[in-house]
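Structural overview
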Amino acid sequence: SSDGGIKRIVIDLIKTITSGDKCYPESVQYKLMENLVSLIGLSIDSNQETCDNIKVTYKEYLYNNIKKFIRDNMSNPEIDPLTVAKNFMISTRYLHKIFEQGTESFGQFLQIERLDKCASELKNNKNDSISTIAFRAGFNDTSHFSKVFRQRFGLSPREYRKENDLICPLS
C-alpha cells in the first residue's frame, strides 16, 4: 500500500517479522501476532465491531494455545496460573479472564485433564502402580488424587482399573 497510515505499518511489521533476521521466542511471537491481527483489522476496517471481532478471534486462539500448553506440561506438578501467564506474556488476571469464555476455570481445566490422562492410563497401562500414574500426570498427593478421581468417575482409581479389566481383559 502506498497510501501510508496503518496499512503501511502493517506491511512493515509483516516484513520485519518474516525477514528471518531474528528468531523470536514463542512468547514474543504471540504478542507480535496479537498486535499484527489488531493492525490488520484496523487497516481493513476501523469500525468498532471489526475491532471487537478481531479481539474475540485472538482471544479464542490464545485460549486454545493455552489449553494445549497446559496439556503438554500438566505432568509438572508446579504448573500454575503464574507459570502459564508468564509463558504467554499475559497477566494472571487476563489468563483467568480468558478461561471465563470456557466451561471451567484454569484449575478445573488442569485437574480434568490430569484425571482424564490418569483414567486412560489406568485402562491401558496395567504395569504401573496407581501412584506412579498419578505422579506422572502431575498429582503430588495420592489421597487428594483418589478423592478427586472418585468425584469425577464415581469409583476409586483401583475400582476403576478393576472394572476396566473386566470390560477389556488383557489378551
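Before going into details, it helps to say that this report is about the structure given with it. (Residues numbered from 1 in each chain as written. Predicted model: local features only at pLDDT ≥ 70, side-chain atom pairs only at ≥ 80, totals over all residues. Heavy atoms only, no water.)

1. Let's talk about the overall build of the protein
Looking only at helices and strands, the protein features nine helices and zero strands. Order of helices (α) and strands (β) in the protein, N terminus to C terminus: α-α-α-α-α-α-α-α-α. Counting only carbon and sulfur atoms, one obtains 52% of the accessible surface of the protein, whose full area is about 10700 Å². (Helix = DSSP H or I, 4+ residues; strand = E, 2+ residues; numbered from the N terminus. Areas by Shrake-Rupley, 256 points an atom, 1.4 Å probe, with all protein chains shown as cover.)

2. Side note on the packing of aromatic side chains
Taken as a whole and assessed by the stated rule, the structure comprises nine aromatic pairs. The interplanar angle of 50 degrees and the centroid separation of 5.9 Å between the aromatic rings of F99 and F109 together place this pair among those described as tilted. Taken together, the residues F99 in helix α5 (residues 92-99) and F109 in helix α6 (residues 106-124) connect sequence positions 10 residues apart. Residue F109 is classed as buried on the basis of its relative accessible area, which comes to 3%. A ring pair is formed by F149 and F153, whose centres lie 4.6 Å apart and whose planes are at 40 degrees; its orientation type is tilted. Placement of both F149 and F153 in helix α8 (residues 142-153) is noted, with a separation of four residues, approximately one turn of the helix. We classify F149 as buried; its relative accessible area is 0%. Take F153: its relative accessible area is 26%, and that puts it in the partly exposed class. Taken together, the ring pairs in this structure connect F139, F145, F149, F153 and Y160 into an aromatic cluster. (Phe/Tyr/Trp six-rings, centres within 6.5 Å; stacked < 30°, edge-to-face > 60°. Buried < 20%, exposed > 50% of the residue type's maximum accessible area, 1.4 Å probe, protein only.)

3. Description of the pattern of salt bridges
One side chain can pair with another of opposite charge once the charged atoms of both are near each other. Under the criterion given, the structure shown has six salt bridges. With a shortest N-O distance of 2.7 Å, K68 and D72 are connected by a salt bridge. Separated by four residues within a single helix, K68 and D72 lie in helix α3 (residues 48-73), roughly one turn from each other. Salt bridges sharing common partners tie together E121, D128 and R136. (Salt bridge = Lys/Arg side-chain N within 4 Å of Asp/Glu carboxyl O.)

4. Some points on the environment of R150
Residue position: R150 is located in helix α8. For R150, a relative accessible area of 42% gives the class partly exposed. Sequence separation between R150 and L115 is 35 residues, and the spatial gap between their C-alpha atoms is 9.9 Å. If we skip the residues at most four places from it in the chain, R150 touches L155, S156 and E159. (Contact = heavy atoms within 4.5 Å.)

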